[in-house]
Amino acid sequence: MTYRPLLAAMLAAPILAPAFAIGAAAQDAPTDWDSVVEEARGGEVNFFLWGGADNINAYVSDYVGGLLEEEYGITLNAVPLTDTADAVNLVLSEREAGVTEGGAVDLVWINGENFRTMKQGDLVWCGWTDVLPNDDLIDWENPAIANDFGVPVEGCEAPWSTAQFAFGYDSARTEEPPRSIPDLVEWVKANPGRFTYPAPPDFNGSAFVRHVFYHAAGGVDGLIGPFDQATYDAAAEEAWDILNEMEPHLWREGATYPTSITQLQQMFANREVDLIFDYNPSQFGVFVEDGTFPETTRSYGLDDGTIGNTNYLAIPANAANRAAAMVAVNVMLSGETQLEKARPGVWGAPPAIDVSRLPQDLQDGFGALPQHPSVVPAAELAETALPELQGEWVSAIDAGWQENVGR
Amino acid sequence: MRSLRWRGRIIPAAPVRTVPTWVLLTPALVVVLGLFGGGLALGALRSLDADPLPGQMAWSLAAWGRVLGDGGTWASFGLSLWIAGASTLLSVLFGVAVALMLRGAFRGRALASWLVQLNLAVPHLVGAVGILYLLSQSGVLARIAFAAGAIEGPADFPALIWDPWAAGIVLQYVWKEVPFLALVTLAALQGIGRDYEAAARSLGAGPARAFAHVTWPQIRPAVTGGAVIVFAFAFGAYEIPALLGASYPKAMPVLAWERFTDPDLARRPEAMALALLIAALCGALVLAGARGLRLGGVR
């Protein structure tokens, strides 16, 4: 048969390709900021970020993009994603195909398990953050900044915002929403069909399940640190019991769950359910302002606290436009852009920089930010903040939920 | 070599083909084998690689074991089979019926043909969003039912979206594929003309008998070909079940994508194994369809 050599070559090509990727390593980080800016001028940045919120997209494309264009002639191309893992996969696939430089992703909005994956796979560029002039505004002594879901940051990403989980309800429909996991179970039983949560691995649904898991474990303290199977097994049984006890009283008797937070938001807006939650509580205010949620929407934290995290900006190891990406990060870390981002009508995301290190007028700006009546104040939530767990925990809890509750 | 005369000019006949068939087929084969064969080979390789880090290999059948040993995979397999089977069957029924109606001459036939073909140009995703707004428990129909006092709240409206029977998904595929099958069937019907059928009728066959014994055998190859395409598409497509599907079980392609985007890189080989399963089933189906056509005595 004459086609055999051709076929063999075709089969061999994909096998051989990854071999060329071995040995790809991050180049040394630059030390001189001026030369970075010089290299970045007139270039472009492909910024991959979760694109499920119009206000965030507008802030990034119009405001940050405008500043970069104006000051440095840099074009910011925001690439919207439904899941940050898509960007990680793109970088990984490029790496597998031997693309060690000139990759498509220059900058990615990231945290948690996705960051762990990139660090584990040597897919992220490290050691560049302390070159940024605005690095001085970051409090690296704060463990909640220096660790991303328990993984040391070590100069491989720069913090962008902080976020803390909150619940929401319509005060015209619901007088007294549940403020603890046991209360929620009772509330769900008393209001059949009026509550549900997105199935993990949805980011928000996964975070909700972790609140139940923390409660089942008797608090988060025993879960801090590396994954431990025995501790997991003990807490998991109790957690699945609680969730399965709720299940028959959920929306559609728990036969199915929403598959995204967007779906849950639509259901809350359409009055199919009475409770909502979000890792980004400022969304409640945005939805009230655009008429999606009723004006009587209110939000709150749980008595035992809600989970908070820091989210970051990372540059892949094979990024085509590293210098421009660094300039973009520096701009996004400035006091002015962080203040704009914190405005309730813009995004309402709490800053990741240490505000006390800013000039007085900017500090006053942060102090004078209006509080949207539908959004629980970040300071109030922060009084009882719970840490995130390391990625192995998150993966195990998501998989356990799918195995024991979701089917 | 014979030449033709046309309006006084001599038109030379095409030269006798001397290039072997396999050479002519090579460009198409390179694309098919290179893109699909290469992709399949790469996927098979990755499904056997237990080392999640790029550039390193650790041969293992563990991913296949996890995929095949997981009841969830088989639930997804059953769901995808149901979605594709039900969509194909309903599309064929309605598609052939529409074609039979459209082949006759009647007032407004041009308008009817245009209306039937209208949604061929609508992307699947747009159709899915339309179905969502129309049929969900807080959709347009639910709101009309509520306004008419037929239901007291969203939960009273039948669950047609995100439901265990995948009704919304099947409806979307039927809505989209009926025009496609109608068009394929209509072309076949117009190709055979109505003479045989008229002869059967004049010999005393009723309309149903004439269709079953005369018309259907002639259009069957075209309809089977169209049905195979519809089945393979509905079995392997991601976007509709992702948008309109329940949280469990997930359609095979949705499950494969979820494994592929899992932050835990060790789950990627499972995604590859799932994708290969989808490809294998679609391939088997196309082969069976082609075999069915041959057995039907049609060349």
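Residues numbered from 1 in each chain as written. Chains lettered and ligands numbered in written order. Predicted model: local features only at pLDDT ≥ 70, side-chain atom pairs only at ≥ 80, totals over all residues. Heavy atoms only, no water.

The name an unreviewed UniProt entry gives chain B is Putative spermidine/putrescine transport system permease protein, with Wenxinia saemankumensis as the organism. The record in UniProt for chain B states the following under Sequence similarities (unreviewed entry): "Belongs to the binding-protein-dependent transport system permease family." (UniProt positions renumbered as here; feature names shortened; annotations may be inferred.)

As annotated in an unreviewed UniProt entry, chain A carries the name Putative spermidine/putrescine transport system substrate-binding protein and is attributed to Wenxinia saemankumensis.

### Concerning the packing of helix α3 (residues 71-103) of chain B against helix α9 (residues 207-236) of chain B
All names here are of chain B. As a packed pair, α3 and α9 sit with axes 9 Å apart at the nearest point and diverge in direction by 140°. In terms of orientation, α3 and α9 fall into the oblique class. As for how α3 packs across α9, the hand of that crossing is right-handed. On the side of α3, the interface is formed by F77, S80, L81, I83, A84, G85, T88, V92, V96 and L100, while α9 contributes F211, I219, V223, A227, V230, F231, A234 and F235. (Axes fitted to C-alpha atoms, helices over the stretch in contact; angles between N-to-C directions. Helix = DSSP H or I, 4+ residues; strand = E, 2+ residues; numbered from the N terminus. Parallel < 35°, antiparallel > 145°, perpendicular 65-115°, else oblique. Left-handed = near helix turned anticlockwise from the far one by under 90°. Contact = heavy atoms within 4.5 Å.)

### So, the UniProt feature "transmembrane region" (unreviewed entry) in chain B
Taken from the UniProt record, the annotation "transmembrane region" (unreviewed entry) applies to residues 21-45, 79-102, 114-135 and 271-290 of chain B. Each end of residues 79-102 of chain B is marked by a C-alpha atom, and these two atoms are 34 Å apart; helix forms 100% of the span and strand 0%.

### Here we look at helix α13 (residues 335-342) of chain A
Residues and elements named next belong to chain A. Burial of α13 is extensive: six of the eight residues sit out of reach of the surface. When α13 is considered as a whole, its buried residues turn out to be G335, T337, Q338, L339, K341 and A342. If you follow the buried residues of α13, they end up packed against α3 (54-72), β6 (158-164), α12 (322-332) and α14 (360-367). (Buried < 20%, exposed > 50% of the residue type's maximum accessible area, 1.4 Å probe, protein only.)

### Structural notes on the packing of aromatic side chains
Counting across every chain of the model gives 37 aromatic pairs over all chains. Plain terms: the ring middles of A:W251 and B:W162 are 6.3 Å apart, the flat faces sit at 65° to each other, and that makes the pair edge-to-face. Separated into two different chains, A:W251 in the loop between α9 (229-246) and α10 (261-269) and B:W162 in the loop between α6 (140-147) and α7 (167-192) make up a pair that spans both. Here the two residues A:W251 and B:W162 agree in accessibility, since each one is buried. Residues B:F211 and B:W216 carry aromatic rings whose centres are separated by 6.3 Å and whose planes lie at 40° to one another, so their mutual orientation is tilted. One aromatic cluster in this structure is built from A:F165, A:F167, A:Y169, A:F195, A:Y197, A:F203, A:F208, A:Y257, A:F277, A:Y279, A:Y300 and A:W401. Residue placement shows A:R179 over the ring face of A:Y300; its charged tip is 4.7 Å from the ring centre. Taking NZ or CZ as reference, A:K341 lies 5.8 Å from the ring centre of A:W347, over its face. (Phe/Tyr/Trp six-rings, centres within 6.5 Å; stacked < 30°, edge-to-face > 60°. Lys NZ or Arg CZ within 6 Å of the ring centre and 35° of its normal.)

### Quick look at the interface of chain B and chain A
Taken together, the contact between chain B and chain A spans 37 residues of the former and 36 residues of the latter. Of the roughly 3200 Å² buried at the junction of chain B and chain A (both faces included), carbon and sulfur atoms supply 56%. One salt bridge in this structure joins A:R407 and B:D70, with 3.3 Å as the shortest N-O distance. Between chain B and chain A we count 15 residue pairs in polar contact (both at pLDDT 80 or more) in total. Only α1 (21-47), α3 and α11 (252-260) of chain B provide two or more residues apiece to the side of chain B that touches chain A. (Buried area = accessible area lost by both parts, 1.4 Å probe. Salt bridge = Lys/Arg side-chain N within 4 Å of Asp/Glu carboxyl O. Polar contact = N/O pair within 3.5 Å; in protein donor to acceptor, adjacent residues only side chain to side chain.)

### Thoughts on the nonpolar core
Residues and elements named next belong to chain A. Counting residues in each nonpolar core, the largest one holds 88 residues, and the members touching the most others are F195, Y197, F208, W240, L243 and M246. Per-element accounting of this core gives the leading share, eight residues, to α9. Those residues in contact with F195, other than ones at most four positions away along the chain, are L184, W187, V188, F208, M246, L250, W251, V273, L275 and F277. Listed in part, the 50 residues of the second largest apolar core include A53, L107, W109 and I145. (Core = buried A, V, L, I, M, F, W, Y, C linked by side-chain atoms within 4.5 Å.)

### So, the pattern of salt bridges
Overall, the coordinates contain 21 salt bridges over all chains when judged by the stated rule. For the salt bridge of B:R268 with A:E96, the shortest nitrogen-to-oxygen distance reads 3.4 Å. Here B:R268 is found in helix α12 (residues 268-295), whereas its partner A:E96 is found in helix α4 (residues 85-96) on a different chain. Accessibility assignment for this pair places B:R268 and A:E96 in one class, buried. In this structure, A:E154 and A:K119 form a salt bridge, with 2.6 Å as the shortest nitrogen-oxygen distance. Within this pair, whereas A:E154 is found in the loop between β5 (151-152) and β6, its partner A:K119 is found in helix α5 (residues 112-120), the two being separated by 35 residues in sequence. A:E154 sits in the exposed class, given a relative accessible area of 56%. By sharing partners, the salt bridges in this structure join B:R66, B:K250, B:E258, B:R259, B:D262, B:R267 and B:E270 into a single network.

### Here's the deal with the packing of α3(A) against α13(A)
All names here are of chain A. One can describe the packing of α3 onto α13 by two numbers: an axis separation of 12 Å at closest approach and a directional angle of 160°. Taken together, α3 and α13 sit at an angle that is classed as roughly antiparallel. As for how α3 packs across α13, the hand of that crossing is right-handed. In this structure, α3 contributes Y59, Y63 and L67 to the contact, and α13 contributes E336, T337, Q338, E340 and K341. Classifying every residue of the contact of α3 with α13 by side-chain character gives three nonpolar, two polar and three charged. (Nonpolar A, V, L, I, M, F, W, Y, C, P; charged D, E, K, R; others polar.)

### With respect to the state of the cysteines
Residues and elements named next belong to chain A. Counted under the stated rule, the structure contains one disulfide over all chains. Paired by a disulfide, C126 and C156 hold their sulfur atoms 2.0 Å apart. Taking the sign of the S-S torsion, about 100° here, the bridge from C126 to C156 comes out right-handed. In this pair, C126 is assigned in the loop between α5 and α6 (143-146) and C156 in the loop between β5 and β6, connecting sequence segments 30 residues apart. Given a relative accessible area of 29%, C126 falls into the partly exposed group. (Disulfide = S-S within 2.5 Å.)

### Considering a negative patch on the surface
All names here are of chain A. A contiguous patch of negative charge on the surface is contributed by E69, E70, E71, E336, D361 and D364. Listed by contribution, the elements that provide at least two residues to the negative patch are α3 and α14. If one sorts the elements of the negative patch by residue count, α3 sits on top with three residues. Of note, E69 is situated in helix α3. (Patch = residues over 30% accessible without salt bridge, like charges linked within 9 Å, V, L, I, M, F, W, Y side chains within 5 Å. Areas by Shrake-Rupley, 256 points an atom, 1.4 Å probe, with all protein chains shown as cover. Lys, Arg positive; Asp, Glu negative; His and termini not counted. Charge placed at Lys NZ, Arg CZ, Asp CG, Glu CD.)

### Focus on the domain arrangement of chain A
Residues and elements named next belong to chain A. Domain boundaries assigned for chain A yield domain 1 (27-162 + 309-370) and domain 2 (164-308 + 383-404). For domain 1 versus domain 2, the distance between C-alpha centres works out to 28 Å. Opposite the 13 residues of domain 1 that make contact, domain 2 presents 17 residues. Between domain 1 and domain 2, roughly 1200 Å² of surface is buried when both sides are summed, and carbon and sulfur atoms account for 50% of that area. Run the count over domain 1 and domain 2 and you get one salt bridge. Elements with a contribution of two residues or more to the side of domain 1 that touches domain 2: α3 and α5. The residue inventory of the side of domain 1 that touches domain 2, partitioned by class, reads six nonpolar, five polar and two charged. (Domains from an automatic or database assignment.)

### What to know about the pairing of strand β10 (residues 306-314) of chain A
Residues and elements named next belong to chain A. For β10, the buried fraction is high: nine of the nine residues fall into the buried class. In terms of strand pairing, strand β3 (residues 107-110) meets β10 through three bridges, oriented antiparallel. Looking across to β10, one finds that I110 is bridged to Y312. Direction of pairing for β10 relative to strand β11 (residues 385-386): parallel, over a ladder of two bridges. Bridge pairing links I307 to L386 in β11. (Pairing = 2+ DSSP bridges.)

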